[in-house]
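Examination of the molecular architecture
Given next are the chains, with one letter for each unit.
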Amino acid sequence: MEVGPHGKINQLFDHQMSNSDENWDLEIVPNTGLFDINWRELWQYRDLILLFVRRDLVATYKQTILGPLWFFIQPMLTTFMYVIIFGNMAQISTDGSPKILFYLGGITIWNYFQECLIKTSETFIANQNLFGKVYFPRLATPISIVISSLFKFLIQFSLFLITWLYFLFHKTPGVIPNITILLFPFYLILMSGLGFSFGILISSLTTRYRDLRFVISFGIQLLMYATPIVYPLEIASEKYKWLLLLNPVTSIVEAFRYAFTGHGNISCYNLLYSILFMIISLFLSVIIFNRVEKTFMDKI
Amino acid sequence: MAKTVIHFENVSKLYQLGEISTGTISRDLSRWWALSRGKSDPVSKIGEVSRKGPDKELWALSDISFEIKQGEVLGIIGGNGAGKSTLLKILSRVTKPTTGRIRIRGRIASLLEVGTGFHPDLTGRENIFLNGAILGMRKNEIQDKLDEIVAFAGVERYLDTPVKRYSSGMYVRLAFAVAAHLEPEILVIDEVLAVGDAEFQRKCIGKMKDVSQNEGRTVLFVSHNLASVKSLCSKSIFLKNGKLEYQGETDLVINQYLNNQTQNQSEFYFEAKENQEAYLTSLKITDHRNQLINSFLNNDLWKLKIGFHANDSIKNLVVAVGILTSDNILLRSVFSNPFQTEMGNYEAVFIENDIVYSAGTYQIIISLSINNHVIQQIEDGIFITFEETQLQHSFIKTKNKGLILNQMKIEILSV
């Protein structure tokens, strides 16, 4: 220890420090290892996560005229447009399913993925102020976003469900659900995991590269066309099919459609690929996020 | 002996100055491309030789060691850039130290800036819960405290109104109330008292005293307001350029800080104000031999020599001197008799020949007025320091015996 001009005072205080080797609640030390993620602490902050979810839901539609109705209007109008443009004008096949159901399903599940990804990708930038002042486990923010997006999804999904039941009761051809419908929650977890990990990865990178933010908004649109949302995977020629299947979202969307309508072009291997993809990207992105979280206040 | 609740051990923080990366991928790529072909960095600024060097680094804190006992209220003072906020940031875990470690006993909550984490569209009640949770409270804890928080902040009527309709005062009160009722073992407070009305400030100071003395909690308090540091904190630390300059009893630390700030300047020159009828030109603080000095033993004789310029012949010109304590209490004001000037330079000499001030640093204010109308007043950066001596006719120590130490005429008679 360096003894400066005030060494005397320091020594005086050092002397008193000798009684302090008991248990401490918290130790603040320089940056620690890559895998040092405090899950227990995250659990302790679960109330915060839920309050963030509440804030997101309440704040989004608080000063709008139609309120939560927007959750319905947006997918309805988009479906309407898609039916006209892709279904009627471009005459793209919907794999034998009713057009409305086909597009609505695609839009509903894609919206969820997109919302997870875009919102979590803004974690650091949007919360810069808060992160600069108070400590809490930073992962609480993206996790809360995924949960609040899930609420929005469930509202939109109910719209899909009503439409689906309508077609089901009218025995419309091309709506033949099967047992894999039970896997639906699992597909949802896969979707959340992918959106979350892509989002926090981008969020970590944007602390260093601001221009990535501009890439996202059109990148996500490009990605939508690389996912069978407005077309079935069925119509892709073998030449491009494998490319589309490289996209881990593809097989989830197809599996979702298969479960509800019986039309979908998917194998277990494709799904397994998505699962592995999600696990690995989740693992890597959490590590990177955790790394950036500790240093980013010094860089911004 | 009280338990140590915060223990700083050789804590340092290094900041990399300048740009760490260029901030965009395209520029990073073009730099990498140019450098890899042996060309010069297209992004570097002209005249910049190397991107990394000793001058690109800043030790915002270096080798800070101290400890705080349970129930203590510690003041942290220091100029701008002294490292106060870095210290708080490390303590509140917003950033990590570069070296060293801090050990903490108990829960720590910081009230760094008012309204952090408040969402304008949410109601007061919703924000209390949100803010409490951000500060690390569980939901049921907040529920238990809700009534108390609301009563302390005085926002009962507006509890279900979105906080964006709150006045700034209500905002501050609510934020402080949440943090103060959090029952953390350690409360970190940075400059919140700057906002809010006087009554609320008193309430806050009272609450903080209460929290530390009656509930045994520890408070760290950062403020530019030396008076509130003095009234709240038993001990203080003084940071300067990232180093712990001085620590100990608050009074001593504040004096050190003031001494340090003035850099013992005893001669001041002021800007000419040609558009005024008269203006102050200089101030010299001297001893009775006219030597420039601003630090005296408290029974020394001292003089203020105030130079001024009159642009015209002026009637009823008055030169005045004020003396403030470090608590900002105006201890004394002295006015010259009104006098008449011709155009030219003058010097007014104020000689202290009577009053003995208690040891400490005092601020000097000088002013010029014409016909009871103040035309110029200078109150920044002029300080005078008195050190303790044994008074000639007294055997009593001068410390804590009041601000003015003169004897009265005392007669003792047998009756």
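Anyway, here's the lowdown on the structure attached to this text. (Residues numbered from 1 in each chain as written. Chains lettered and ligands numbered in written order. Predicted model: local features only at pLDDT ≥ 70, side-chain atom pairs only at ≥ 80, totals over all residues. Heavy atoms only, no water.)

**What about the overall build of chain B?**
Across its full length, chain B holds eight helices and 20 strands. Of all 415 residues assigned to chain B, the portion counted as buried reaches 51%. The long-range share in chain B, meaning contacts at least 24 apart out of those at least 6 apart in sequence, stands at 67%. Of the roughly 20500 Å² of accessible surface on chain B, a fraction of 49% belongs to carbon and sulfur atoms. (Helix = DSSP H or I, 4+ residues; strand = E, 2+ residues; numbered from the N terminus. Buried < 20%, exposed > 50% of the residue type's maximum accessible area, 1.4 Å probe, protein only. Contact = heavy atoms within 4.5 Å. Areas by Shrake-Rupley, 256 points an atom, 1.4 Å probe, with all protein chains shown as cover.)

**Notes on the overall build of chain A**
For chain A, the count of helices and strands is 13 helices and one strand. Relative to its full complement of 300 residues, chain A shows a buried share of 50%. Restricting to contacts in chain A with at least 6 residues of sequence separation, those with at least 24 account for 79%. When the accessible surface of chain A is summed, it comes to about 15000 Å², and 68% of that surface belongs to carbon and sulfur atoms.

**Points about the pattern of salt bridges**
For the coordinates displayed, the defined rule picks out 18 salt bridges over all chains. We note a salt bridge from Arg54(A) to Glu126(B), for which the minimum N-O separation is 2.7 Å. Remark: Glu126(B) occurs in helix H3 (residues 124-134) and Arg54(A) occurs in helix H3 (residues 46-61); the pair is interchain, linking two chains. On the accessibility criterion, Glu126(B) (14% relative accessible area) is buried. Across the pair Asp121(B) and Lys164(B) runs a salt bridge, and its minimum N-O distance is 2.7 Å. With Asp121(B) in the loop between strand E5 (108-111) and H3 and Lys164(B) in the loop between helix H4 (139-153) and helix H5 (168-180), this residue pair connects regions lying 43 residues apart in the sequence. Taking the relative accessible area as the measure of exposure, Asp121(B) reaches 17% and is therefore buried. Residue class for Lys164(B) comes out partly exposed when judged on its relative accessible area of 35%. Each member of the salt-bridge network shares a partner with another, and the members are Glu27(A), Glu9(B), Arg101(B) and Arg103(B). (Salt bridge = Lys/Arg side-chain N within 4 Å of Asp/Glu carboxyl O.)

**Remarks on the sheet that holds strand E17 (residues 344-352) of chain B**
All names here are of chain B. A sheet is described by the order of its strands in space; here four strands give the open sequence E10-E11-E13-E17, paired in antiparallel fashion. Taken across any chain shown, the strands that pair with only one partner, and hence form the sheet edges, are strand E10 (267-269) and E17. Sheet twist, expressed as the average angle between the axes of neighbouring strands with direction ignored, equals 15°. The sheet contact formed by E10 and strand E11 (residues 278-287) spans three bridges and is antiparallel. Paired with phenylalanine 268 across the two strands is leucine 283, which belongs to E11. (Pairing = 2+ DSSP bridges. Axes fitted to C-alpha atoms, helices over the stretch in contact; angles between N-to-C directions.)

**Focus on the packing of H3(B) against H4(B)**
All names here are of chain B. Across the interface, H3 lies against H4 with an axial gap of 10 Å and an inter-helix angle of 125°. On the basis of the axis angle, H3 is oblique to H4. Here the hand of the crossing between H3 and H4 comes out right-handed. Along its contact with H3, which presents Arg125, Ile128, Phe129, Gly132 and Ala133, the element H4 presents Lys139, Ile142, Gln143, Leu146, Ile149 and Val150. Taken together, the residues of the contact of H3 with H4 sort by class into seven nonpolar, two polar and two charged. (Parallel < 35°, antiparallel > 145°, perpendicular 65-115°, else oblique. Left-handed = near helix turned anticlockwise from the far one by under 90°. Nonpolar A, V, L, I, M, F, W, Y, C, P; charged D, E, K, R; others polar.)

**Observations concerning a nonpolar patch on the surface**
Taken together, the side chains of Phe35(A), Leu272(A), Leu276(A), Ile280(A), Phe283(A) and Leu284(A) define a hydrophobic patch exposed on the protein surface, amounting to about 640 Å² of accessible area. Checked against the element boundaries, Leu276(A) lands in helix H13 (residues 268-299). (Patch = residues over 30% accessible without salt bridge, like charges linked within 9 Å, V, L, I, M, F, W, Y side chains within 5 Å.)

**Concerning helix H5 (residues 99-121) of chain A**
Here H5(A) contains 23 residues, and its C-alpha end-to-end distance of 32 Å stays within 8% of the 33 Å for a straight helix at 1.5 Å per residue. Summarising burial for H5(A): 17 of the 23 residues are buried, a large majority. (Expected span 1.5 Å × (residues − 1).)

**Quick word on the packing of H5(A) against helix H8 (residues 140-169) of chain A**
Two numbers describe a pair of packed helices, the interaxial angle and the distance between the axes. Residues and elements named next belong to chain A. H8 packs onto H5 with a crossing angle of 175° between their chain directions and a minimal axis gap of 9 Å. On the basis of the axis angle, H5 is roughly antiparallel to H8. Along the lines of polarity and charge, the residues of the contact of H5 with H8 split into 16 nonpolar, seven polar and three charged.

**Describing the pairing of strand E9 (residues 243-249) of chain B**
The sheet contact formed by strand E8 (residues 235-240) of chain B and E9(B) spans six bridges and is antiparallel. Pairing of Phe238(B) across the sheet is with Tyr246(B), part of E9(B).

**Some remarks on the nonpolar core**
Membership of the largest hydrophobic core comes to 122 residues, with the highest contact counts inside it found for Phe113(A), Phe136(A) and Ile128(B). Ranked by residue count, the leading element in this core is H5(A), at 11 residues. Dropping the residues within four chain positions of it, Phe136(A) is found in contact with Tyr45(A), Leu48(A), Phe52(A), Leu130(A), Phe131(A), Thr141(A) and Ile134(B). Formed by 31 residues, the second largest nonpolar core is a distinct cluster that contains Ile314(B), Val321(B), Ala348(B) and Phe386(B). (Core = buried A, V, L, I, M, F, W, Y, C linked by side-chain atoms within 4.5 Å.)

**Observations regarding the sheet that holds strand E2 (residues 57-69) of chain B**
Within a beta sheet, neighbouring strands are joined by backbone hydrogen bonds and run either parallel or antiparallel to one another. In spatial order, the strands read E1(A)-E4(B)-E1(B)-E2(B); together these four strands make up an open sheet with antiparallel pairing. Sheet topology places strand E1 (26-28) of chain A together with E2 of chain B at the edges, where each strand pairs with a single neighbour. Mean inter-strand twist for the sheet, computed between neighbouring axes without regard to direction, equals 15°. In the sheet, strand E1 (residues 4-16) of chain B pairs with strand E4 (residues 99-104) of chain B via five bridges, with the strands oriented antiparallel.

**A look at H3(B)**
Counted residue by residue, H3(B) has 10 buried out of 11 residues, so it is predominantly covered. Burial in H3(B) covers these residues: Gly124(B), Glu126(B), Asn127(B), Ile128(B), Phe129(B), Leu130(B), Asn131(B), Gly132(B), Ala133(B) and Ile134(B). Buried residues along H3(B) sit against H3 and helix H7 (128-131) of chain A together with H4 and H5 of chain B. In the stretch just after H3(B), Gly136(B) is the one whose phi turns positive, near 100°.

**Some words on the environment of Val83(A)**
Residue and element names in this part refer to chain A. With respect to the element layout, valine 83 can be found in helix H4 (residues 70-89). By relative accessible area, valine 83 is classed as buried at 16%. Put simply, valine 83 and isoleucine 100 are 17 residues apart on the chain and 6.5 Å apart in space, counted from C-alpha to C-alpha. Sequence-distant contacts of valine 83, defined by excluding residues within four places in its chain, comprise Asn88, Lys99, Ile100 and Tyr103.

**Quick word on the side chain of Asn247(A)**
All names here are of chain A. Here asparagine 247 lies in the loop between helix H11 (238-246) and helix H12 (248-261). Classification of asparagine 247 by relative accessible area gives buried; the value is 9%. At 3.1 Å, the side chain of asparagine 247 and the backbone oxygen of alanine 226 are in polar contact. Look past the residues within four positions of asparagine 247 in its chain and what remains in contact with it is Leu223, Ala226 and Thr227. (Polar contact = N/O pair within 3.5 Å; in protein donor to acceptor, adjacent residues only side chain to side chain.)

**Quick look at the packing of aromatic side chains**
Residue and element names in this part refer to chain A. All chains considered together, the criterion is met by 37 aromatic pairs over all chains. Of the aromatic side chains, those joined through ring pairs into one cluster are Tyr112, Phe153, Phe157, Phe160, Trp164, Phe184, Phe256 and Phe260. Here arginine 46 stacks its cationic end above the ring of tryptophan 43, 4.3 Å away from the centre of that ring. Over the ring of phenylalanine 136 we find arginine 138; its NZ or CZ atom is 5.1 Å from the centre of that ring. (Phe/Tyr/Trp six-rings, centres within 6.5 Å; stacked < 30°, edge-to-face > 60°. Lys NZ or Arg CZ within 6 Å of the ring centre and 35° of its normal.)

**With respect to the pairing of strand E7 (residues 218-222) of chain B**
Regular strands show a simple pattern: their side chains alternate between the two faces of the sheet. All names here are of chain B. Within E7, five of the five residues are buried, which leaves it mostly tucked inside the rest of the structure. Residues Thr218, Leu220 and Val222 of E7 are buried on one face, and the alternating residues Val219 and Phe221, pointing to the opposite face, are buried as well. Note: strand E3 (residues 73-77) against E7, four bridges, orientation parallel. Bridge pairing links leucine 74 to leucine 220 in E7. Sheet analysis places strand E6 (residues 186-190) next to E7, joined by five bridges and oriented parallel.

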